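Now for the letters of each chain:
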Amino acid sequence: MSKRCYYEVLGLQRNASEAEIKKAYRRLAMKYHPDRNTGDNAEEAELRFKEVKEAYEVLSDPQKRAAYDQFGHAGVDGAAAGAGGFGGGASFSDIFGDVFGDIFGGGRGGGRQQPYRGADLRYNLELSLEDAVAGTSVKIKVPTWAQCETCGGSGARPGSSPRTCSTCHGAGQVRMQQGFFSVQQTCPTCHGRGTVIEDPCPACHGQGRVQQTKTLSVKVPPGVDTGDRIRLAGEGEAGENGGPPGDLYVQVTVREHPIFTRDDANLYCEMPIPFTKAALGGEVEVPTLDGKVKLKIPEGTQTGRMFRLRGKGVKPVRGGPQGDLIVRVVVETPVKLNSDQRRLIEELDRSLSGGGSKHSPNAHGWLDKVKGFFKDVGL
């Protein structure tokens, strides 16, 4: 069966431009792709799809197209088969990847100059607990690549523009014939860009981007915690070839606090109290992030007792009720006693001891358990 003219397959004139060839290929490849033709005409669509792809493989390559224009199918049949696209039994997953890879910038021909999104950046921001809980605004300096304002990102001196590479004709890749094999590689002249800058921009030296240190204002919302990220859209590195910039992610770390520790929305602190206050009861001042508050200590308070101050914690950044401040008291034993203080405590001890378990129920209860243990083991 004789092959149809490749220009006829794509519905093009022989003087069609590279852009017209690609446009026709995309339209027909989408139309006849097997995934979109699963009914009675699936077999015919598959044949048309292969025919369209074969035509595009030849006409999109300047060397193959020149050979086809001069010698017809006889000038490219070997190359088409060697490409593995038709006679070699290529899978439809390969064909599918080539179609959509070409549409979205990947696959064969992906080396030609096209816009690329800039890289995302990360900045580590250290905050105090007070700033993290209340929210704040900070200034940061970020080293980054920004689009060159002199050339507008083209890389060429103002008044000039990059020209299409004469070696690869804008494809960004060239095909080298090595015996029976045809090898495709990055164009050595334009290094895959597809264009050549003959008169580079003096500001960016042809890169289209310049390195800068920019100062940004970061608004930190109330309630952030270690591990949270603040996204600054478009503040990352500038894109290449006119592509959009990336984003800047500010990574939050909250410094350790000398008094408080945080667990989600709650704050915790440990507060020492004198043993007289623990024994007799009374009031103590407790620090909070909002200032001092009074806390009533009941008579006979023991070390480790927890007191909850509601609403004195953190309002979570993602919403929810405000947390609490949990105060753990530690009864402090007096040290460095003088002779009078020692005498008074000895008198107190004699007085307390006379009351038996009445004044120290926990200690006496524990001693009873110890006695029972020794009795059980025969000691």
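Everything in this summary refers to the structure shown in the same document. (Residues numbered from 1 in each chain as written. Predicted model: local features only at pLDDT ≥ 70, side-chain atom pairs only at ≥ 80, totals over all residues. Heavy atoms only, no water.)

So, on to the overall build of the chain. Per the secondary structure count, the chain includes 10 helices and 15 strands. Relative to its full complement of 379 residues, the chain shows a buried share of 34%. Across the chain, every contact between residues at least 6 apart in sequence was considered, and the portion connecting residues at least 24 apart equals 62%. When the accessible area of the chain is evaluated, it comes to approximately 23,100 Å², of which 51% is carbon and sulfur surface. (Helix = DSSP H or I, 4+ residues; strand = E, 2+ residues; numbered from the N terminus. Buried < 20%, exposed > 50% of the residue type's maximum accessible area, 1.4 Å probe, protein only. Contact = heavy atoms within 4.5 Å. Areas by Shrake-Rupley, 256 points an atom, 1.4 Å probe, with all protein chains shown as cover.)

What the rule picks out here adds up to 23 salt bridges. Residue Asp 120 pairs with Arg 117 through a salt bridge whose shortest N-O separation is 3.0 Å. Relative accessible area serves as the criterion here: at 39%, Asp 120 is assigned to the partly exposed category. We classify Arg 117 as partly exposed; its relative accessible area is 46%. (Salt bridge = Lys/Arg side-chain N within 4 Å of Asp/Glu carboxyl O.)

Ordered by their spatial adjacency, four strands build an open sheet running β10-β11-β15-β14, and the pairing between neighbours is mixed. For this open sheet the edge positions go to β10 (261-263) and β14 (306-309), each flanked by a neighbour on one side alone. Here the strands of the sheet are splayed against their neighbours by 30° on average, with no regard to which way each runs. Inspection of the sheet shows β10 paired to strand β11 (residues 266-274) by three bridges, in the antiparallel sense. Of the residues in β11, the one forming a bridge with Asp 263 is Asn 266. (Pairing = 2+ DSSP bridges. Axes fitted to C-alpha atoms, helices over the stretch in contact; angles between N-to-C directions.)

We now examine the packing of helix α3 (residues 42-59) against helix α4 (residues 62-71). If you want to describe how two helices pack, look at the angle between their axes and the distance between the axes. For the pair α3 and α4, the least separation of the axes is 6 Å and the interaxial angle reads 100°. Taken together, the axes of α3 and α4 are roughly perpendicular relative to one another. Across the interface between the two elements, Glu 57, Val 58 and Leu 59 from α3 touch Lys 64, Arg 65 and Tyr 68 from α4. Of the residues that constitute the contact of α3 with α4, the class distribution is three nonpolar, no polar and three charged. (Parallel < 35°, antiparallel > 145°, perpendicular 65-115°, else oblique. Nonpolar A, V, L, I, M, F, W, Y, C, P; charged D, E, K, R; others polar.)

Before going further, it helps to examine the sheet that holds strand β1 (residues 121-127). Here three strands make up an open sheet; going across it, the order is β1-β9-β8 and the pairing mixed. Bordering the open sheet on either side are β1 and β8 (229-232), each of which pairs with just one other strand. Taking the axes of each pair of neighbouring strands and ignoring which way they run, one obtains an average angle of 25° across the sheet. In this structure, β8 lies alongside strand β9 (residues 248-254), joined through four bridges in antiparallel fashion. If you follow Ile 230 over to β9, its bridge partner there is Val 250.

Take the packing of aromatic side chains next. The full count for this structure, using the stated rule, is three aromatic pairs. Each ring, one from Tyr 7 and one from Tyr 68, has its centre 6.1 Å from the other, and the planes form 45°; the classification is tilted. Here the residue Tyr 7 occupies a position in helix α1 (residues 6-10), and Tyr 68 occupies one in helix α4, the gap between them amounting to 61 residues. Across this residue pair, the class does not change: Tyr 7 and Tyr 68 are buried. Residues Tyr 25 and Tyr 56 carry aromatic rings whose centres are separated by 3.8 Å and whose planes lie at 5° to one another, so their mutual orientation is stacked. With a gap of 31 residues between them, Tyr 25 in helix α2 (residues 18-32) and Tyr 56 in helix α3 connect regions that are remote in the sequence. (Phe/Tyr/Trp six-rings, centres within 6.5 Å; stacked < 30°, edge-to-face > 60°.)

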